[in-house]
Amino acid sequence: MKYLVEVKNLKKNYSSKEAVKNISFNIEENEVLGLLGPNGCGKTTTIGMLLGLLKPSAGELKIDNMKFEKNRIEILSKINFISPYIELPKKLTVKQNLIVYGKLYNIKDLKNRIEFLTEKLRLKELLNRITGELSSGQKNRASLAKALINKPKVLFLDEPTASLDPEIGDFVRSFLENYKKENKISILLASHNMNEVSRLCKSVLMMKNGVIIDSGTPSSLIDKHGRKNLEEVFLKLSRGENEFN
Amino acid sequence: MNLIRIYGLFLRHFYLITRSFPRILDLIYWPTIQITLWGFISNFFATYSTYYNNAVGIILTCAILYDFLFRTSIGFNMLFLEEIWSRNFTNLFISPMRISEIIVSLVSTALIRALIGLVPAILLTSPLFGISILNLGFSLFFLFLSLYIFGITLGILVSAGLLRFGPSFENIAWSTMFLIAPFGCIYYPVDILPNFFQKIAFAMPLVYIFEEARMILIDQTVNVKNIYKAFILNLVYLSIAISLFYYSFNQARKKGTLINIGE
């Protein structure tokens, strides 16, 4: 079994506060792993370390079999990220943004890549529009195009469908399902939308107070905790009903 | 170092500037106002001061040189702040750009920004005040180069502060040049300063650059030593600034500032 992401005993301390405490997990090739937990549980810190924005206090982090700290630039060229909390430069057109990011990722056949992504993400008509003037759904698709510009092997998604209407949300989820199938990429999905997690993720990690408190497939977690759906499991675990051991 | 990535970041700011007429106007507006104002002051001093009597345009020439320094430094900071304001910081730092590539790209973009602002203002000085900065001769190139290096050094230092401390450091970004100006002896000779201030002034390249400019315009002599000293000091400060930028980046990764700035 090939792991594209390997996390071993990862820790992150901010002075006296331990944000992430000794977590370990792997993501297989062509797997979508869900990362769930209440706000402040350490999800963003974990993703920050996986993106190289944060330096781990301890532990080992490998992506595509390369140690992160020693191969930061090479790894960054193989991964990408989308979050509603970060944006593309607002004053540039969608096309200009894609050209800029294509250059930053040193994409060889950029014209064709942009054409492919804009076709798949229904962005053709929006290419010459100013990014800041787009609706949230359109901005989301433009950000997704940027996140896929480098054909990432690993994609990190932080609430990718937050603030989208159900139709666009469904479009994005379907797109991700198909794209993953066709390109065999690994995805780490942090989301508060439990239906989305159930639909997309093969397995799920539940985090609380910086530790992984449970993991498994969505259906196995539902069975294990005797709940009707993943949302109820999430509520049970995040409220601290101590039944998961 | 990858030239395509450097070009990519340059392109991001090039698109930004060329898309917006108000942005271009803003780049030209302040240098023009500044130089026009100093042009009239310069005319007044040239008429009524014996010191400046034989060297019409000393103040104006120094004002142009100082403005070039100011625009280069602010230009570098502006490019960095632009990423923070547009919430694009995370996208930039998760791309495979090396720190050296970010610096080189912003340094070259800052030069273009400074020139867009200054060239029209410099062109105005001749018909308005009968003064040409080209009177400095071949040394002008070295003076500009020295100012450019010091400008980007200040820009890198302030950006290092932004990286390490986040947007709260923004106010410092605007005030750096004003803090340094009194010691730079831009409009007056270094002898005017009290002894202690002179020691500070001599530790910075600015005093050698502006003393040299005045020497060329007043005495029509070139003192290569001044240019040489300015370059040596520039190299020292630039090395410190780049090291500090790397240090700040590593500290920001440890403290989590990169995540907080980005969102």
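These figures come from a predicted structure and were not determined experimentally. (Residues numbered from 1 in each chain as written. Chains lettered and ligands numbered in written order. Predicted model: local features only at pLDDT ≥ 70, side-chain atom pairs only at ≥ 80, totals over all residues.)

## Some words on the sheet that holds strand β7 (residues 154-158) of chain A
Residue and element names in this part refer to chain A. Overall, mixed pairing links the six strands, which are arranged β6-β7-β8-β3-β9-β10 in an open sheet. Strands at the two margins of the open sheet, each flanked by one partner only, are β6 (79-82) and β10 (211-216). Sheet twist, expressed as the average angle between the axes of neighbouring strands with direction ignored, equals 20°. In the sheet, β6 pairs with β7 via four bridges, with the strands oriented parallel. Residue pairing across strands places I82 opposite L157, the latter belonging to β7. Sitting on the sheet, helix α5 (residues 136-148) is in contact with β6 and β7, with an inclination near 170° to β6. (Pairing = 2+ DSSP bridges. Helix = DSSP H or I, 4+ residues; strand = E, 2+ residues; numbered from the N terminus. Axes fitted to C-alpha atoms, helices over the stretch in contact; angles between N-to-C directions. Contact = placed C-beta atoms within 7 Å.)

## A word on the interface of chain A and chain B
With 27 residues of chain A in contact, the opposing surface of chain B contributes 30 residues. Taken together, the elements giving at least two residues each to the side of chain A that touches chain B come down to α1 (43-50), α2 (72-76) and α3 (94-104) of chain A. For the side of chain A that touches chain B, the element with the highest residue contribution is α3 of chain A, accounting for five residues. Class assignment for the residues of the side of chain A that touches chain B results in 16 nonpolar, six polar and five charged. (Nonpolar A, V, L, I, M, F, W, Y, C, P; charged D, E, K, R; others polar.)

## A few points about the nonpolar core
Counting 141 residues, the largest nonpolar core has F156, L188 and L189 of chain A together with L65 of chain B as its most contacted members. Top contributing element to this core by residue count: helix α3 (residues 58-85) of chain B, with 16 residues. Counting only domains with at least three residues in this core, you end up with domain 1 (1-78 + 153-245) and domain 2 (87-151) of chain A. Those residues in contact with L188 of chain A, other than ones at most four positions away along the chain, are V5, I27, L33, L35, L50, F156 and L157 of chain A. (Core = buried A, V, L, I, M, F, W, Y, C linked by C-beta atoms within 7 Å. Buried ≥ 20, exposed ≤ 12 C-beta atoms within 10 Å, placed from the backbone. Domains from an automatic or database assignment.)

## Description of the packing of α3 of chain B against helix α6 (residues 139-165) of chain B
Residues and elements named next belong to chain B. Two elements in contact, α3 and α6, have axes separated by 8 Å at closest approach and are oriented at 30°. Relative to α6, the element α3 lies roughly parallel. Crossing geometry of α3 relative to α6 is assigned as right-handed. When grouped by side-chain class, the residues that make up the contact of α3 with α6 number 15 nonpolar, six polar and no charged. (Parallel < 35°, antiparallel > 145°, perpendicular 65-115°, else oblique. Left-handed = near helix turned anticlockwise from the far one by under 90°.)

## Some details on the domain arrangement of chain A
For an interface, size is often stated in terms of accessible area lost upon the parts coming together. All names here are of chain A. Assigned domains within chain A: domain 1 (1-78 + 153-245) and domain 2 (87-151). The centre of domain 1, based on its C-alpha atoms, is set 25 Å off from the matching centre of domain 2. Between domain 1 and domain 2, the residue contacts involve eight residues of the former and nine residues of the latter. Looking at which element gives the most residues to the side of domain 1 that touches domain 2, the answer is helix α6 (residues 166-183), with three residues. In terms of residue class, the side of domain 1 that touches domain 2 is made up of five nonpolar, two polar and one charged.

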